[in-house]
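A closer look at the structure
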Amino acid sequence: MDSDAELNYSGKKIVKKSVFNILVISIIGVSLIAAFFVGSFVSLKSEQVTKSELNSAIASLESKISKNQMVAQPIKISADDDPTKGIKNAPITIIEFSDFQCPFCARFQIQTLPLILEQYVETGKVKFVFRDFPIQSSHPNAMPAAAASECADEQNKFWQYHDMLFENQGIWNKMDFTSAITVFKEYAIELELNQEQFNACLDSGKYVNEINNDLTDGRNYEITGTPGFFIGNEKIGFVKVNGAQPFEVFQGIIESQLNS
């Protein structure tokens, strides 16, 4: 008789409980790891999958993902003349293509960008560039939001306006076009911009061509969703990162490039 099974009275094999438990644990482990990478959360009892086993599996997958993303491509990515944080000659540049109405972009701006700014931009190691990539088909207020941010940049308050848009995304993202424009003008008042200048700028669509230029560049660089990032420089090439990845992914790439 096989060691992993025993016969029942009808002559059929029955899997032993220990083997069955192993199969259950394996299935649950694979399911949980898959759920982890799509942003889901599943609660498990300690006797089903131990925390150390799960962490080990996740760490292994993250390591493989990081290694795949570490390969810099010898391509040129233009920063154009778009808003920048950091010193001009920083060794590494991060160029982001973003959509103000994209929830994943907001998550990156609120959760991950502050850590990048603190540890790499403010220390002179990284220059961060923001380029527009409004996806109008799913985010109808993204284009006017981008235009409003350009009008704020005209008065040297792009980053303050940028932060206000993302922090209040839940307020304006489902408004109709006219209501959103009204709110964008109210944000300008809160930031003490010259209201007449800002309103004239926004109403005229002054920066639509500039935004479309960013869109064209993004498509040429094969940006298909937001946020999308390129990390590197012209000498070593750029690593492309898709989506609102955790800080650790950016950290791993930046450290590798700084040490290359």
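Just so it is clear, the model here is predicted, and its values are computed rather than measured. (Residues numbered from 1 in each chain as written. Predicted model: local features only at pLDDT ≥ 70, side-chain atom pairs only at ≥ 80, totals over all residues. Heavy atoms only, no water.)

Let's talk about the overall build of the protein chain
In terms of regular secondary structure, the protein chain is built from 10 helices and 7 strands. For the protein chain, with 260 residues in total, the buried portion stands at 42%. Total accessible area on the protein chain is roughly 14,600 Å²; 53% of this is exposed by carbon and sulfur atoms. (Helix = DSSP H or I, 4+ residues; strand = E, 2+ residues; numbered from the N terminus. Buried < 20%, exposed > 50% of the residue type's maximum accessible area, 1.4 Å probe, protein only. Areas by Shrake-Rupley, 256 points an atom, 1.4 Å probe, with all protein chains shown as cover.)

With respect to the packing of helix α3 (residues 103-121) against helix α10 (residues 247-258)
Taken N-terminus to C-terminus, the directions of α3 and α10 make an angle of 30°; their axes are 10 Å apart at the nearest point. It follows from the interaxial angle that α3 and α10 lie roughly parallel. Handedness of the α3/α10 crossing: right-handed. On the side of α3, the interface is formed by Phe108, Thr112, Leu115, Ile116, Gln119 and Tyr120, while α10 contributes Phe247, Phe250, Gln251, Ile254, Glu255 and Leu258. When its residues are assigned to classes, the contact of α3 with α10 shows 8 nonpolar, 3 polar and 1 charged. (Axes fitted to C-alpha atoms, helices over the stretch in contact; angles between N-to-C directions. Parallel < 35°, antiparallel > 145°, perpendicular 65-115°, else oblique. Left-handed = near helix turned anticlockwise from the far one by under 90°. Contact = heavy atoms within 4.5 Å. Nonpolar A, V, L, I, M, F, W, Y, C, P; charged D, E, K, R; others polar.)

What to know about helix α9 (residues 208-220)
With 13 residues, α9 should reach 18 Å at 1.5 Å per residue; the first-to-last C-alpha distance of 18 Å fits that figure. When we look at burial in α9, the residues that qualify are Glu210, Ile211, Asp214, Leu215, Asp217 and Gly218. Projection of α9 onto a plane perpendicular to its axis shows the buried side chains occupying an angular sector of 165°, all on one side. Set apart from the buried face of α9 by more than 90 degrees, the exposed residues are Asn209, Arg219 and Asn220. On its buried side, α9 packs onto β4 (92-98), β5 (126-132) and α4 (142-153). (Expected span 1.5 Å × (residues − 1). Arc of directions from axis to C-beta.)

Quick notes on the state of the cysteines
Inspection of every chain in the model, using the stated rule, returns 1 disulfide. The disulfide that involves Cys151 links it to Cys201, with 2.1 Å between the sulfurs. Its torsion about the S-S bond being -85°, the disulfide of Cys151 and Cys201 is classed as left-handed. Residue Cys151 is located in helix α4, and its partner Cys201 is located in helix α8 (residues 195-204); the two are separated by 50 residues in the primary sequence. In this pair, the class of Cys151 matches that of Cys201, namely buried. Residue Cys105 stays outside any disulfide, its sulfur separated by 3.0 Å from that of Cys102, the closest cysteine. We classify Cys105 as buried; its relative accessible area is 0%. (Disulfide = S-S within 2.5 Å.)

Details of the sheet that holds strand β3 (residues 84-85)
Working definition: the strands of a sheet are paired by backbone hydrogen bonds and lie parallel or antiparallel to each other. The strand order β3-β5-β4-β6-β7 describes an open sheet built from 5 strands, whose pairing is mixed. Edge positions in the sheet fall to β3 and β7 (237-242), since each of these pairs with one other strand and no more. As judged from the 2 bridges shared by β3 and β5, these two strands associate in the antiparallel manner. Bridged to Thr84 within β5 is Val129. Along the sheet, α10 makes contact with β4, β5, β6 (228-233) and β7, crossing β6 at roughly 15°. (Pairing = 2+ DSSP bridges.)

What to know about the environment of Glu150
By the element assignment, Glu150 lies in helix α4. For Glu150, a relative accessible area of 6% puts it in the buried group. Along the chain, Glu150 and Glu210 lie 60 residues apart, while their C-alpha atoms are 8.9 Å from each other. When sequence neighbours within four positions are dropped, the list of residues in contact with Glu150 reads Asp82, Asp132, Tyr207, Glu210 and Ile211.

Structural notes on the confidence of the model for the protein chain
When pLDDT is averaged along the protein chain, the result is 81; 72% of the residues meet or exceed 70. For the stretch residues 1-48, pLDDT sits under 50, and the model shows 38 contacts to residues farther than four places along the chain or on other chains. A low-confidence stretch, residues 62-69 (pLDDT under 50), is modelled with 8 contacts involving residues beyond four sequence positions or located in other chains. (pLDDT = per-residue confidence, 0-100.)

Re the packing of helix α7 (residues 177-190) against α8
At a closest axis distance of 10 Å, the pairing of α7 and α8 adopts a crossing angle of 150°. Classed by the angle they form, the pair α7 and α8 counts as roughly antiparallel. Like other packed secondary-structure pairs, α7 and α8 cross with a definite hand, here right-handed. Contacts between α7 and α8 pair Ile181, Phe184, Lys185, Ala188 and Ile189 from the former with Gln195, Phe198, Asn199, Leu202 and Asp203 from the latter. Across the contact of α7 with α8, the residue classes break down as 6 nonpolar, 2 polar and 2 charged.

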